[in-house]
Amino acid sequence: MKMIIQPRDERTQPARIIAGYPQTPLRSPKEPLVKRAPTLSELSGPLEVAKRVKLLGGDIAGQGEKQAIGQLIHLRVRVLDEDGAPVGGAVVEMWQANAAGRYIHPNDDDHAPPDPNFYGAARVVTDESGVFELRTVKPGAYPVPTRDGWWRPPHVHFSVFGRVWLARLVTQMYFPGEPLNAQDRILNAVPDAAARDSLVARYIPPGVEPYNALVFEHQIVLRGRAATPAQP
Amino acid sequence: MMIPTGEATIGPFFPPRYVDAGANDLTVFEGRKAKGEAIEIHGRVMQEDGTALENLIVEIWQADAGGIFRHPADPRHAQADPNFLGWGRAATDAQGNYRFKTIRPGAQEGRAPHINFMVMFSGLMRILKTTMFFEDGKDPVLMAVPAARRSLLIAKGNYEFNIRLRGENETPFFDD
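All values derive from a computational prediction rather than experimental measurement. (Residues numbered from 1 in each chain as written. Chains lettered and ligands numbered in written order. Predicted model: local features only at pLDDT ≥ 70, side-chain atom pairs only at ≥ 80, totals over all residues. Heavy atoms only, no water.)

(A) Broad picture of the overall build of chain A. For chain A, the count of helices and strands is two helices and 13 strands. Whereas a compact globule of 232 residues would reach a radius of gyration of roughly 17 Å, chain A reaches 19 Å, a difference of no more than 12%. If you line up chain A on its principal axes, its C-alpha atoms span 50 × 40 × 35 Å. The buried share of chain A, reckoned over its 232 residues, is 53%. Counting contacts in chain A only where the partners sit at least 6 residues apart, residues at least 24 apart contribute 72% of the total. (Helix = DSSP H or I, 4+ residues; strand = E, 2+ residues; numbered from the N terminus. Rg over C-alpha atoms; globule rule 2.2 N^0.38 Å. Buried < 20%, exposed > 50% of the residue type's maximum accessible area, 1.4 Å probe, protein only. Contact = heavy atoms within 4.5 Å.)

Right under this line is the structure:
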């Protein structure tokens, strides 16, 4: 399982320093990043993280009397590599705000009510076709403490372990048709329009299972191609 | 070819249980002790103005005591220590300090002993990657760094590895 990792098109990745996001200029390197030729060390990586961390089920909307408040949604996400080959067995960590836009986190005490039935985090493993599914509620938008009119649109955070160290990814997924998407400083830090659009999930019209939740599909592409692609 | 998904900051609100108890101890895996010399690595993470950063995520990846990676890309992986995963995660405390217990990695063909680091934090739009070394030497990754900055990648004492995201003594990060 040898992987090849090539440089990314910078326009498909976010700017490191963002106007109006005051932490970014304090935390991004000033010196130029050092180019190196990847070796085995960077082109290998942990494949058995699931044995080290506690998996949390993919149903975070809850059942029975423990159901979270909000619009029930079903996320179907496929993890692929740059060849389009599914990445099975990948650990995916996910977290999001509740329907009111509040996180279960000591630092989020701003405005919106917590939901005692919503913890808002999952940790799952992709199946052989690279897919994981989550039953959750649609996250709410929330104002950023900059207090200058920036609100985060509804979004879901993903942290993904690929097959090699350089494929490790932390990203955010957005929802289609949200008016706040157009002004979000994080989403719009990605210069390329097609790359930005690929961060927005696809709405699937009702009529498919599960019948009692709105379905969204999404695709996550990890860096890397197999050195020897699978034969057709 | 598909376009790799755009990165984004981990943000300030990843769940506290994102860092599992014991995830920063690589010397024990599934209840069994790894082979080799147990060591501790610690350091402080700071931003441009020198402020220590709390609740920042550090992940590491390394070879085992024999210099073997637990991954099929390593031709020797069948001989990897079954009791060593090689991956760990820690969060920084209120003073900006992280700490790992691990095994001193062996050398691999063409590489000096080293540990790969990854930093994720609110306001960091992309994961920052760097590499810690135990001593100066002819390692190709270390040699890729301008000579004047190489000492910043070499751990001090037993073993201190501070990470400065920006500013004075800024840690060299890699453009992969």
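(B) Representation of the sheet that holds strand E5 (residues 121–125) of chain A in the model. Residues and elements named next belong to chain A. The strand order E5-E4-E9-E10 describes an open sheet built from four strands, whose pairing is antiparallel. The strands lining the two open edges of the sheet, one partner per strand, are E5 and strand E10 (169–174). Adjacent strand axes in the sheet meet at a mean angle of 20°, parallel and antiparallel pairs treated alike. (Pairing = 2+ DSSP bridges. Axes fitted to C-alpha atoms, helices over the stretch in contact; angles between N-to-C directions.)

(C) Spotlight on the pairing of E5(A). Residue and element names in this part refer to chain A. Within E5, four of the five residues are buried, which leaves it mostly tucked inside the rest of the structure. With five bridges joining them, strand E4 (residues 91–96) and E5 adopt antiparallel strand pairing. Of the residues in E5, the one forming a bridge with Met 94 is Ala 122.

(D) Quick look at the pairing of strand E6 (residues 131–137) of chain A. All names here are of chain A. By the criterion of burial, E6 is predominantly enclosed, with six of the seven residues buried. By the bridge criterion, seven bridges tie strand E3 (residues 72–80) to E6 in an arrangement that is antiparallel. Following the sheet pairing, Leu 75 is matched in E6 by Leu 134.

(E) Focus on the sheet that holds strand E12 (residues 214–221) of chain A. Residues and elements named next belong to chain A. Strand order in the open sheet made by the four strands is E6-E3-E12-E11, with mixed pairing throughout. Edge positions in the sheet fall to E6 and strand E11 (202–204), since each has one partner strand and no second. This sheet shows a mean twist of 25° between the axes of neighbouring strands, independent of strand direction.

(F) Structural detail: the side chain of A:Arg27. Along the chain, the position of A:Arg27 falls in helix H1 (residues 24–27). With no salt bridge to any partner, buried A:Arg27 finds its closest opposite charge in B:Asp49, at an N-O distance of 7.7 Å. Only 2.8 Å separates the side chain of A:Arg27 from the side chain of B:Gln47, close enough to count as a polar contact. Excluding residues within four positions of it along the chain, A:Arg27 makes contact with B:Gln47, B:Leu53, B:Phe121, B:Ser122, B:Gly123, B:Leu124, B:Leu128 and B:Leu165. (Lys, Arg positive; Asp, Glu negative; His and termini not counted. Salt bridge = Lys/Arg side-chain N within 4 Å of Asp/Glu carboxyl O. Polar contact = N/O pair within 3.5 Å; in protein donor to acceptor, adjacent residues only side chain to side chain.)

(G) Focus on the pattern of salt bridges. One pass over the full model with this rule turns up 26 salt bridges over all chains. In this structure, A:Glu217 and A:Arg202 form a salt bridge, with 3.0 Å as the shortest nitrogen-oxygen distance. A residue pair is termed long-range when its members are at least 10 positions apart, and A:Glu217 in strand E12 and A:Arg202 in strand E11 qualify at 15 residues. Classification of A:Glu217 by relative accessible area gives partly exposed; the value is 25%. With its nearest N and O atoms 2.8 Å apart, the salt bridge here joins B:Arg89 to B:Glu59. Taken together, the positions of B:Arg89 in strand E5 (residues 87–91) and B:Glu59 in strand E4 (residues 57–61) put the pair 30 residues apart, joining distant regions of the chain. According to the relative accessible area criterion, B:Glu59 is buried, its value standing at 0%.

(H) Quick peek at the side chain of A:Thr24. With respect to the element layout, A:Thr24 can be found in helix H1. Looking at A:Thr24, its side chain comes within polar contact range of the main-chain oxygen of A:Tyr21, at 2.8 Å. For A:Thr24, the residues in contact, after removing those within four places along its chain, are A:Arg16, A:Ile17, A:Ile18, B:Gly123 and B:Met125.

(I) Molecular detail of the environment of A:Thr12. Considering the arrangement of structural elements, one finds A:Thr12 in the loop between strand E1 (3–4) and H1. If we ignore the near neighbours within four places in the chain, the residues touching A:Thr12 are A:Val190, A:Asp192, A:Ala195, B:Ile3 and B:Gly6. At a separation of 2.6 Å, a polar atom in the side chain of A:Thr12 contacts the main-chain carbonyl oxygen of A:Asp9.

(J) Representation of the interface of chain A and chain B in the model. Taken together, the contacts link 79 residues of chain A with 72 residues of chain B. Looking only at chain A, the three residues that lose the most surface to chain B are A:Arg27, A:Arg52 and A:Trp165, adding up to 13% of its buried area. The shortest N-O distance in the salt bridge between A:Arg8 and B:Glu7 comes to 2.8 Å. Taken together, the links from chain A to chain B amount to 45 residue pairs in polar contact (both at pLDDT 80 or more). When residues of the side of chain A that touches chain B are traced back to their parent elements, those giving at least two are H1, strand E2 (34–35), E4, E5, strand E9 (155–160), E10 and E12 of chain A. For the side of chain A that touches chain B, a count of residues per class yields 38 nonpolar, 18 polar and 23 charged. (Buried area = accessible area lost by both parts, 1.4 Å probe. Nonpolar A, V, L, I, M, F, W, Y, C, P; charged D, E, K, R; others polar.)

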